[in-house]
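Letter by letter, the chains look like this.
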Amino acid sequence: MSPLRVLQVGAGGMGRAWLATVAADPEVELVGIVDLDLDAARAGAEHAGDPSIPVGTDLTVLAAETGAEAVLDITVPVAHHPVTLQALRAGLPVLGEKPAAQTVAEALSLAAAAEATGKLFMVSQSRRYNDQLVAFRQHVRDLGAVGGLSTRFAKAPHFGGFREEMDDVLLLDMAIHAFDSARYVLERDPVSVYCESWNPSWSWYRGDAAAAAVFTFEDDIRYVYDGSWCAPGAETSWNGDWRASGAAGTALWDGDHDPSSDLDGTPGSPAAAPSVGHEIAGSLASFVRAVRSGGTPDGEVHGNVMSLTMVDAAITSARSGRRVVIDEVLEQAHRDALAAEQDETIRDRLAAWDSVRGALRERLPTS
Ligand SMILES: NC(=O)c1ccc[n+]([C@@H]2O[C@H](COP(=O)([O-])OP(=O)(O)OC[C@H]3O[C@@H](n4cnc5c(N)ncnc54)[C@H](O)[C@@H]3O)[C@@H](O)[C@H]2O)c1
């Protein structure tokens, strides 16, 4: 089968990582690069190893000129809604960087746009593509009834740039990975959250760089997140340090090495699971398979919205000092999406949803 012809939109820092990943995957062929900054697009073509790759500032025009079959949206979060919508309207499936959109309301609008156009929109939640995480879930499955799952995340990076200036930097930019992995490991969705966030006196971030959140998940399971981005010394891995506690024992994962479990004194040895590939290379491979098979991949927008909702609910809780119910956040976002929607077909799709949680569950992954 000939490689899938992809157009990449956004050639900044993460865009370069994607260009290298696309170049290394024989199942895809880069046919063009779009960026508002044409110099960045040209530099991206050089980085991809072929300065003659067509570049431009308009997705629809370059997609038509190059015969693109799919779009990679690697722009900044505020551009995810307009760029992805433009691609879906052009009849092209989209693989987009996390988060799905800047707000839950915009993410719901994109889920409805995917329904209205019949095209796939998959969010690349890259830390899901990790065979150690998959193995950790296998260990957790063998614990019987699970009572609690926790992640400790402690790093001290000096990024410079926008992260050091943004509000809620830890919850918005990093915690979504852990929240999304918690949903994956527990195979359940969140019900409510209580969260506090703060900024230690020595923090080099303007927004809150530390947060502690307690989520209640379905079946009364608790997920506890304790994270900091200004915690020098004895740092955890980038995936964080995980512990799950169940009726039959405990499972552990340090985020960097193979996970383990202790079933009342006996080491667990769960069934092996197929490889999911590694980070963005894994999500790209999954996207290509889904485009070709018509299946629903992990990360399809309906399934991914709940991870962004966990971030939104945690921030709302931290700001208000109260426990926040996830369905209330979803229903408010749905009202906001309906009020803001300019496209009649997409508004009709949104209006047809009986409940947001129900609509999001209608498209469960098939692979
Ligand atoms: N998965 C991960 O671990 C990970 C890590 C870093 C960044 N990211 C995500 O990747 C995305 C990109 O981040 P980045 O660090 O590359 O940002 P960046 O600012 O370095 O690059 C973004 C690029 O997109 C271009 N752009 C912005 N709006 C556009 C539009 N409407 N049309 C065309 N081009 C547009 C900009 O000109 C810029 O070149 C973000 O969503 C970020 O959250 C993910």
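Here the structure is a predicted model, which is why all the values come from computation and not from measurement. (Residues numbered from 1 in each chain as written. Predicted model: local features only at pLDDT ≥ 70, side-chain atom pairs only at ≥ 80, totals over all residues. Heavy atoms only, no water.)

Caption draft 1: How the structure looks around the overall build of the protein. When its secondary structure is counted, the protein shows 12 helices and 15 strands. A compact globule built from 367 residues should have a C-alpha radius of gyration of about 21 Å, and the protein, at 20 Å, falls within 12% of that. Dimensions of the protein, computed from C-alpha atoms along their principal axes, come out at roughly 60 × 45 × 45 Å. Classification of the 367 residues of the protein by burial places 53% in the buried group. Of the accessible surface of the protein, which amounts to about 15,600 Å², a share of 51% is contributed by carbon and sulfur atoms. (Helix = DSSP H or I, 4+ residues; strand = E, 2+ residues; numbered from the N terminus. Rg over C-alpha atoms; globule rule 2.2 N^0.38 Å. Buried < 20%, exposed > 50% of the residue type's maximum accessible area, 1.4 Å probe, protein only. Areas by Shrake-Rupley, 256 points an atom, 1.4 Å probe, with all protein chains shown as cover.)

Caption draft 2: Expanded view of the nonpolar core. By size, the foremost hydrophobic cluster in this structure holds 88 residues, and its most contacted members are Leu108, Phe136, Leu149, Phe179, Phe215, Tyr223 and Tyr225. In terms of residue count, helix H7 (residues 169-186) provides more of this core than any other element does, 12 residues in total. Residues Val6, Trp18, Ile33 and Met122 belong to the second largest nonpolar core, which totals 24 residues. (Core = buried A, V, L, I, M, F, W, Y, C linked by side-chain atoms within 4.5 Å.)

Caption draft 3: Region of interest: the side chain of Thr84. Counting through the fold element by element, Thr84 comes out in helix H4 (residues 77-89). Take Thr84: its relative accessible area is 1%, and that puts it in the buried class.

Caption draft 4: Molecular detail of the sheet that holds strand E6 (residues 121-124). The parallel open sheet is built from 6 strands, whose spatial order is E3-E2-E1-E4-E5-E6. Each edge of the open sheet is held by one strand with a lone partner, namely strand E3 (55-56) and E6. (Pairing = 2+ DSSP bridges.)

Caption draft 5: The UniProt feature "domain: Gfo/Idh/MocA-like oxidoreductase N-terminal" (unreviewed entry) in the protein, seen in detail. This chain's UniProt record puts "domain: Gfo/Idh/MocA-like oxidoreductase N-terminal" (unreviewed entry) on residues 5-124. Structurally, residues 5-124 comprises 47% helix and 22% strand, and the distance from its first C-alpha atom to its last is 18 Å. (UniProt positions renumbered as here; feature names shortened; annotations may be inferred.)

Caption draft 6: Spotlight on the pairing of strand E2 (residues 28-34). Of all 7 residues that make up E2, 6 are buried, and the element is covered over most of its length. Sheet topology note: the strand E1 (residues 4-9)/E2 ladder contains 6 bridges and is parallel. Counterpart to Arg5 in the pairing with E2 is Glu29. Running through helix H1 (residues 13-23), the crossover from E1 to the neighbouring parallel element E2 is right-handed. Taken together, the 2 bridges between E2 and E3 define a ladder with parallel strand orientation. Looking across to E3, one finds that Val34 is bridged to Gly56. (Right-handed = clockwise from strand over helix to strand, strands pointing away.)

Caption draft 7: Expanded view of helix H8 (residues 279-293). Between the first and last C-alpha of H8 there are 21 Å, a value that for 15 residues agrees with the 21 Å anticipated at 1.5 Å per step. Every buried residue of H8 is listed here: Ile280, Gly282, Ser283, Leu284, Ser286, Phe287, Val288 and Ala290. Those residues of H8 that are buried lie in contact with E1, H1, E2, strand E4 (70-73), strand E5 (94-97) and E6. Count one or two residues on from H8 and you reach Gly294, which has phi positive near 80 degrees. (Expected span 1.5 Å × (residues − 1). Contact = heavy atoms within 4.5 Å.)

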